[in-house]
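Structure at a glance
As a plain string of letters, each chain reads:
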Amino acid sequence: MDLQEDEWLTAVNWLAKTGQLSSEKRHEFILLSDVLGISMLVDAINHRFPTGATPSTVMGPFHIEGSPELPMGTDLAAGLAGETCYVVGAIRDLDGKPIAGAKLDVWQADADGMYESQLGKKEPFLRAVFRTGPDGKYVIRTIAPPGYSIPWTVRSAT
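Summary of the structure given here.

Right, let's get into the side chain of Arg127. Mapping Arg127 onto the fold places it in strand β3 (residues 127-131). Of the polar contacts made by the side chain of Arg127, one reaches the side chain of Ser67; its length is 3.0 Å. A distance of 2.7 Å separates a polar atom in the side chain of Arg127 from a polar atom in the side chain of Glu116. Not counting residues up to four positions away in its chain, the partners in contact with Arg127 are Ile64, Glu65, Gly66, Ser67, Pro68, Leu76, Val106, Trp107 and Glu116.

Take a look at the structure:
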């Protein structure tokens with residue numbers, strides 16, 4: 001079956017709306033690239049690591065540069081509704097030695113699945129940078145986010 005004009009117009013209008021939703025803090029075309037698998041393909045081609053290393057991954061459309069650095073153990077979601085969640089682990093090199101001071105750049109959705117940029121927040125929200133301790137360990141307290149979805153609506157900040 002051939003591509004029909006109304007199908008083409010629907011796709012073009014969708015792309016136009018995607019562009020209209022994009023801003024400095026909301027990169028909808030990156031999300032499109034992620035959904036299509038293009039972002040991971042480019043990352044995999046350009047970041048090859050030795051066997052045993054953690055594979056590289058993409059930042060995704062909701063990463064924002066300039067997150068505040070917070071002390072380990074700070075409650076990232078203080079005062080927010082949601083199920084308390086602890087993310088615990090250790091960063092080690094390929095020989096198993098702990099890496100002190102490793103940077104963990106964390107960002108997440110709220111209990112409704114919305115990110116800072118979608119909420120129109122002016123200040124950092126549910127994002128921070130943490131550093132591992134001398135033993136390479138980290139503990140981050142936050143809320144468990146819901147399953148990942150691709151929302152196409154904008155909600156006003158409360």
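A word on helix α2 (residues 28-36). Buried within α2 we find Glu28, Leu31, Leu32 and Ser33. Where α2 is buried, its residues meet α1 (5-21) and α3 (38-46). Taken from the residues just after α2, Gly37 is the one with a positive phi, measuring 85°.

Before going further, it helps to examine the pattern of salt bridges. In total, this model carries three salt bridges according to the counting rule given. One salt bridge in this structure joins Arg141 and Asp75, with 3.6 Å as the shortest N-O distance. Of this pair, Arg141 sits in strand β4 (residues 137-143) while Asp75 sits in the loop between α3 and β1 (84-90), and the two are 66 residues apart along the sequence. Take Arg141: its relative accessible area is 31%, and that puts it in the partly exposed class. Here Asp75 falls in the partly exposed class, since its relative accessible area comes to 26%. Of the charged contacts in the structure, one is a salt bridge between Glu116 and Arg127, with a shortest N-O distance of 2.7 Å. In this pair, Glu116 is assigned in helix α4 (residues 116-119) and Arg127 in strand β3, connecting sequence segments 11 residues apart.

Let us now look at the environment of Ala90. Examined against the element boundaries, Ala90 turns out to sit in strand β1. On the basis of relative accessibility, which here comes to 33%, the residue Ala90 falls in the partly exposed class. For the pair Ala90 and Asp34, spaced 56 residues apart in sequence, the C-alpha to C-alpha distance is 28 Å. Those residues in contact with Ala90, other than ones at most four positions away along the chain, are Gly136, Lys137 and Tyr138.

By volume, the largest pocket is sized at about 1100 Å³. Around the largest pocket, the lining is made up of 34 residues, and of these Thr54, Thr57, Lys103, Leu104 and Asp105 lie nearest the centre. Counting residues per element, the ones that place at least two in the lining of the largest pocket are β1, β2 (103-107) and β4. Split by residue class, the lining of the largest pocket holds 23 nonpolar, seven polar and four charged.

Relative to the helices and strands, Ala111 resides in the loop between β2 and α4. Residue classification places Ala111 among the partly exposed positions, given a relative accessible area of 37%. Once the C-alpha coordinates of Ala111 and Ala81 are considered, the two residues, 30 residues apart in sequence, prove to be 6.7 Å apart.

Further remarks concern empty space enclosed by the protein. Scanning all chains against the criterion turns up one cavity of 30 Å³ or more. Size it by volume and the largest cavity reaches roughly 30 Å³. In terms of lining residues, the largest cavity is bounded by Phe62, Ile64, Trp107, Gln108, Tyr115, Glu116, Phe125, Leu126 and Arg127. For the lining of the largest cavity, the residue count by class is six nonpolar, one polar and two charged.

Quick notes on the rules
- Residues numbered from 1 in each chain as written.
- Predicted model: local features only at pLDDT ≥ 70, side-chain atom pairs only at ≥ 80, totals over all residues.
- Heavy atoms only, no water.
- Helix = DSSP H or I, 4+ residues; strand = E, 2+ residues; numbered from the N terminus.
- Polar contact = N/O pair within 3.5 Å; in protein donor to acceptor, adjacent residues only side chain to side chain.
- Contact = heavy atoms within 4.5 Å.
- Buried < 20%, exposed > 50% of the residue type's maximum accessible area, 1.4 Å probe, protein only.
- Salt bridge = Lys/Arg side-chain N within 4 Å of Asp/Glu carboxyl O.
- 1 Å grid on protein atoms, 1.4 Å probe; cavity = no way out; pocket = protein on both sides within 12 Å on 5 of 7 lines; lining within 4 Å.
- Points joined across faces, edges and corners; volume = space filled by probe spheres on them.
- Nonpolar A, V, L, I, M, F, W, Y, C, P; charged D, E, K, R; others polar.

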